[in-house]
Amino acid sequence: MEETVIKCKLRVQKHGEVFTPKKIIKKMLDIKGVKEACESLPTTFLEPSAGEGAFLVAILERKLKIVIKHYNDDLVRFENYSLLALTSLYGIELLEDNAQTCVLNMFQVYYDIYQEQVQLHNGKLKKKVLDSAKEIISSNIRQGNFLTRETIDGNPLVFSEWSPINMKKTTKNIKIQRTEYTLDEIYENVEKESGKAINRSINKTTQQQKQLDMFDLLEEDVVESENEIPKEMRYIPVNIIDVYKSEMEEADG
Ligand SMILES: C[S@@+](CC[C@H](N)C(=O)[O-])C[C@H]1O[C@@H](n2cnc3c(N)ncnc32)[C@H](O)[C@@H]1O
């Protein structure tokens, strides 16, 4: 099947939307230094104009190959390290349809490779692993404007850092500490107490929720009173296969 490089002339003129063909992506990711980075699980990538995720998907495939090679003696280890690989990939995309396709493309690649490994190990797909993959992808791939560092509705773009705790070579069940930063804070190298979450009560109708909606994770809309005083919250360290719960506690509690 032929690849779509251009959707329409207007989108090219307005947003510079030209997708990179797979052949070129392969060549670029094979460049010395980049190739090694794609094969290193902790190395992070941010694609600031992600489109439908052509680069991110290709990097994810490469990272998952490494997981299959080195962390696949049993299914639990594969599940843990494949989710860790996912945490290292970030993207920003201006247009809603592209951002959604990017999220879905990332999930599809994860799902297909996870399913293959499940069959190989005669195991079962675990819902919580898939839900955690969805949580990681939807918080790492954001619809927004990289230049203004804001979402479409004018809130700061927020990303999560996912830091493994006390990880050793023998670790099978990875514990993760999630901490949130705005893109401004990342640029300014702001140091933060680990676990801190960005206060979202400013606007709960938001990009993150819209993206989560795509996965049908939300059971009901969250409506928050404008007068409510926002609470400082922090993420609790959890096993990586439980990040889908987004467990938090009050920061000074
Ligand atoms: C040249 S395309 C590249 C897409 C993808 N990286 C690829 O190689 O296939 C540029 C993408 O950037 C998006 N874009 C344009 N301005 C942007 C901005 N200020 N912030 C984030 N994304 C933007 C466009 O919607 C488009 O999908």
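In what follows, the structure referred to is the one given above.
The following paragraphs examine the structure supplied in this document.

Calculation rules
Residues numbered from 1 in each chain as written. Predicted model: local features only at pLDDT ≥ 70, side-chain atom pairs only at ≥ 80, totals over all residues. Heavy atoms only, no water. Phe/Tyr/Trp six-rings, centres within 6.5 Å; stacked < 30°, edge-to-face > 60°. Helix = DSSP H or I, 4+ residues; strand = E, 2+ residues; numbered from the N terminus. Buried < 20%, exposed > 50% of the residue type's maximum accessible area, 1.4 Å probe, protein only. Lys NZ or Arg CZ within 6 Å of the ring centre and 35° of its normal. Salt bridge = Lys/Arg side-chain N within 4 Å of Asp/Glu carboxyl O. Axes fitted to C-alpha atoms, helices over the stretch in contact; angles between N-to-C directions. Parallel < 35°, antiparallel > 145°, perpendicular 65-115°, else oblique. Left-handed = near helix turned anticlockwise from the far one by under 90°. Contact = heavy atoms within 4.5 Å. Nonpolar A, V, L, I, M, F, W, Y, C, P; charged D, E, K, R; others polar. Pairing = 2+ DSSP bridges. Patch = residues over 30% accessible without salt bridge, like charges linked within 9 Å, V, L, I, M, F, W, Y side chains within 5 Å. Areas by Shrake-Rupley, 256 points an atom, 1.4 Å probe, with all protein chains shown as cover. Near = heavy atom within 4 Å. Polar contact = N/O pair within 3.5 Å; in protein donor to acceptor, adjacent residues only side chain to side chain. Expected span 1.5 Å × (residues − 1).

Concerning the packing of aromatic side chains
One pass over the structure, following the stated rule, counts 5 aromatic pairs. Note on Tyr71 and Tyr81: the rings are 4.1 Å apart at their centroids and 5° apart in plane angle, and the pair reads as stacked. Pair noted here: Tyr71 is in the loop between α4 (54-70) and α5 (75-87) and Tyr81 is in helix α5, with a separation of 10 residues, a long-range link. Look at Tyr71 and you get partly exposed, because its relative accessible area is 24%. A relative accessible area of 1% means that Tyr81 is categorised as buried. Site record: aromatic cluster; members linked through ring pairs are Phe78, Tyr110 and Tyr114. The positively charged end of Arg149 is found above the aromatic ring belonging to Tyr187, 3.7 Å away from the centroid. Between Lys192 and the ring centre of Tyr181, over which it is positioned, the NZ or CZ distance is 5.1 Å.

What to know about the pattern of salt bridges
Counted under the stated rule, the structure contains 16 salt bridges. The shortest N-O distance in the salt bridge between Glu39 and Lys35 comes to 3.4 Å. Owing to a relative accessible area of 34%, Glu39 belongs among the partly exposed residues under this scheme. For Lys35, a relative accessible area of 31% gives the class partly exposed. In this structure, Lys134 engages Asp131 in a salt bridge whose closest nitrogen and oxygen atoms are separated by 3.9 Å.

Topic: the packing of helix α6 (residues 96-120) against helix α7 (residues 127-140)
Packing of α6 against α7 leaves a shortest axis separation of 10 Å and a crossing angle of 150°. For the element pair α6 / α7, the angle class is roughly antiparallel. As for the relative orientation of α6 and α7, their crossing is right-handed in sense. Contacts between α6 and α7 pair Val103, Met106, Phe107, Tyr110, Tyr111 and Tyr114 from the former with Val129, Leu130, Ala133, Lys134 and Ile137 from the latter. Class assignment of the residues belonging to the contact of α6 with α7 gives a composition of 10 nonpolar, no polar and 1 charged.

Side note on the sheet that holds strand β4 (residues 158-165)
Reading across from one edge, β4-β5-β7 is the order of the 3 strands in this open sheet, with antiparallel pairing throughout. The strands lining the two open edges of the sheet, one partner per strand, are β4 and β7 (238-239). Packed onto the sheet, α7 meets β4 and β5 (175-182) and runs at close to 135° relative to β4.

A look at the pairing of strand β2 (residues 89-93)
Of all 5 residues in β2, 5 are buried; the element is thus mostly enclosed. Here β2 shows a buried face lined by Leu89, Gly91 and Glu93 and a second buried face lined by Tyr90 and Ile92. For β2 and strand β3 (residues 141-143), the ladder comprises 3 bridges, and the chain directions are parallel. Residue pairing across strands places Glu93 opposite Gln143, the latter belonging to β3.

Description of a nonpolar patch on the surface
Judged by side-chain polarity, Ile24, Met28 and Ile31 come together as a nonpolar surface patch covering roughly 260 Å² of accessible area. Considering the arrangement of structural elements, one finds Met28 in helix α2 (residues 22-29).

Brief notes about the site of the ligand
Taken together, the neighbourhood of the ligand is formed by 21 residues, with Gly16, Thr20, Ser49, Glu93 and Asn145 sitting nearest. At 2.8 Å, a backbone N or O of Ser49 approaches a nitrogen atom of the ligand. Taking Glu93, its side chain carries an N or O atom lying 2.6 Å from an oxygen atom of the ligand. In isolation the ligand exposes 600 Å². Once the protein is present, 86% of that is buried. Taken together, the residues of the shell around the ligand sort by class into 10 nonpolar, 8 polar and 3 charged.

Quick look at the side chain of Thr171
Relative to the helices and strands, Thr171 resides in the loop between β4 and β5. The residues contacting Thr171, other than those within four sequence positions of it, are Arg77, Tyr81 and Asn166.

What to know about α5
Because each turn of an α-helix spans 3.6 residues, side chains separated by three or four positions end up pointing in the same direction. Look at α5: 19 Å from first C-alpha to last across 13 residues, which is about the 18 Å you get at 1.5 Å a residue. Three or more residues of α5 are buried, namely Leu75, Arg77, Phe78, Glu79, Asn80, Tyr81, Ser82, Leu83, Leu84, Ala85, Leu86 and Thr87. A side-chain oxygen of the first residue of α5 lies 3.1 Å from the backbone nitrogen of Val76; this N-cap is Asp74.

Purely geometric stuff here, so don't read any function into it on its own.
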